[in-house]
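# Structural overview for review
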Amino acid sequence: IVIFAGYPEQMQDFLNRNPGLRSRIAFNVNFEDYSPKELYEIAKLIAKKKGLVFSPGTEEKIMPVFKSAIKTLDFGNGRFARNIIEKARLKQAQRLIKMDISNVSSEEIKILIPEDFEISEIHTPSINKIGF
């Protein structure tokens, strides 16, 4: 079994370049992009697997980011949600490092707050155009 995965248009171009390959592929499955709510749930799951939780207000902070991201070309779907968590963890670390170490509880280390998801820090993908 061989699985080819990619964005639909690029995969179509790939298959069109080699008719012999196309004739050997019995079927293909297209997966729809995740909705903003699904991306949020994926982000929560990724955070949970890392021992982290979202504080109240986090959903309201990052849902606009997901809503914007799904409108861009090749935004990465689940990978985009993972990247948001990674950036939030870095922001959280910067926030915690500024605190007095004796005041940082083990619970605080597990919580991502809305400020950890600074919109200016999370860049939605842009469409790169080549040519004139």
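As a starting point, this report considers the structure included with it. (Residues numbered from 1 in each chain as written. Predicted model: local features only at pLDDT ≥ 70, side-chain atom pairs only at ≥ 80, totals over all residues. Heavy atoms only, no water.)

## Comments concerning the overall build of the chain
In plain terms, the rule: Runs of H or I in DSSP of at least four residues are treated as helices and runs of E of at least two as strands, each being numbered from the N terminus. Buried residues are those whose accessible area, probed at 1.4 Å on protein chains only, stays under 20% of the maximum for their type, while exposed residues exceed 50% and partly exposed ones sit between those limits. Contacts between residues were defined by any pair of non-hydrogen atoms, one from each residue, lying within 4.5 Å. Note on areas: Shrake-Rupley with a 1.4 Å probe; residue coverage comes only from the protein chains shown.
A count of helical and extended segments in the chain gives six helices and two strands. For the chain, buried positions account for 26% of its 132 residues. Within the chain, residue pairs in contact and separated by at least 24 positions form 67% of the contacts whose partners lie at least 6 positions apart. By element, 56% of the accessible surface of the chain is carried by carbon and sulfur atoms, the whole surface being about 9,800 Å².

## Concerning the packing of helix α4 (residues 58–69) against helix α5 (residues 78–97)
Packed helices, taken two at a time, are described by the angle their axes make and the gap between the axes. To keep things clear, this is the line we draw: Throughout, an axis means a line fitted to C-alpha atoms (over the contacting stretch in the case of helices), and angles, computed between N-to-C directions, take values from 0 to 180 degrees. If you view the pair so one helix is near and one far, a crossing is left-handed when the near helix is turned anticlockwise from the far one by less than a right angle, and right-handed when it is turned clockwise.
Contact geometry for α4 and α5: axes closest at 11 Å, N-to-C directions at 145°. Of the two possible hands of crossing, α4 and α5 adopt the one that is right-handed. Across from Val65, Phe66 and Ala69 in α4, the residues of α5 making contact are Phe80, Ala81 and Ile84.

## Observations concerning a nonpolar patch on the surface
Filter applied, for reference: Every patch collects residues that have over 30% relative accessible area and no salt bridge, joining them within 9 Å if they carry like charges and within 5 Å if they are nonpolar side chains (Val, Leu, Ile, Met, Phe, Trp, Tyr). Only one rule defines a salt bridge in this text: a Lys or Arg side-chain nitrogen within 4 Å of an Asp or Glu carboxyl oxygen.
Taken together, the side chains of Val2, Phe4 and Phe14 present a nonpolar region at the surface, about 280 Å² in accessible area. Among the secondary structure elements, Phe14 is positioned in helix α1 (residues 8–16).

## A word on the packing of aromatic side chains
Filter applied, for reference: Pairing of aromatic side chains requires ring centres within 6.5 Å, counting the rings of Phe and Tyr and the six-membered ring of Trp. Pairs whose planes differ by under 30 degrees are stacked, by over 60 edge-to-face, and all others tilted.
Across all of its chains, the model carries four aromatic pairs by this definition. Note on Phe4 and Phe14: the rings are 5.2 Å apart at their centroids and 55° apart in plane angle, and the pair reads as tilted. Residue Phe4 is located in the segment before α1, and its partner Phe14 is located in helix α1; the two are separated by 10 residues in the primary sequence. Their ring planes at 50° and their centres at 5.7 Å tell us that Tyr40 and Phe54 sit as a pair that is tilted. Taken together, the residues span a long stretch of sequence, with Tyr40 in helix α3 (residues 36–49) and Phe54 in strand β1 (residues 53–54) at a distance of 14 residues. Of the two residues, Tyr40 and Phe54, both sit in the buried class. Among the aromatic residues, those joined into a ring-pair cluster are Tyr40, Phe54 and Phe117.

## Remarks on the pattern of salt bridges
Two side chains carrying opposite charge are able to pair once their charged atoms lie near each other. This model, assessed by the stated rule, comprises seven salt bridges. In this structure, the salt-bridge partner of Glu86 is Arg82, at a minimum N-O distance of 3.4 Å. With Glu86 and Arg82 both in helix α5 and four residues apart, this pair spans about one turn of that helix. By relative accessible area, which is 40% here, Glu86 ends up partly exposed.

## Description of the nonpolar core
Applicable threshold: Throughout this description, the term nonpolar core refers to a set of buried Ala, Val, Leu, Ile, Met, Phe, Trp, Tyr and Cys residues connected via side-chain atoms within 4.5 Å.
If you look at the biggest cluster of nonpolar residues, it comprises 20 residues, and the most contacted ones within it are Phe54, Phe66, Phe80, Ile85, Leu112 and Phe117. Sorting the residues of this core by element identifies α3, α4 and α5 as the ones contributing at least two each. The contact partners of Phe54, leaving out residues within four places of it in the chain, are Tyr40, Ala43, Lys44, Ala47, Ile62, Ile85, Leu112 and Phe117.

## As for the packing of α3 against α5
The line we're drawing: Angle categories are assigned with fixed cut-offs, so that under 35 degrees is roughly parallel, over 145 is roughly antiparallel, 65 to 115 is roughly perpendicular, and the rest are oblique. Gly falls in the polar group here, along with every residue not listed as nonpolar (Ala, Val, Leu, Ile, Met, Phe, Trp, Tyr, Cys, Pro) or charged (Asp, Glu, Lys, Arg).
One way to put it is that α3 packs onto α5 with a least axis distance of 9 Å and a crossing angle of 50°. In terms of orientation, α3 and α5 fall into the oblique class. Crossing handedness for the pair α3 and α5: right-handed. Across from Leu39, Ile42, Ala43, Ile46 and Ala47 in α3, the residues of α5 making contact are Gly78, Ala81, Arg82 and Ile85. Across the contact of α3 with α5, the residue classes break down as seven nonpolar, one polar and one charged.

Purely geometric stuff here, so don't read any function into it on its own.
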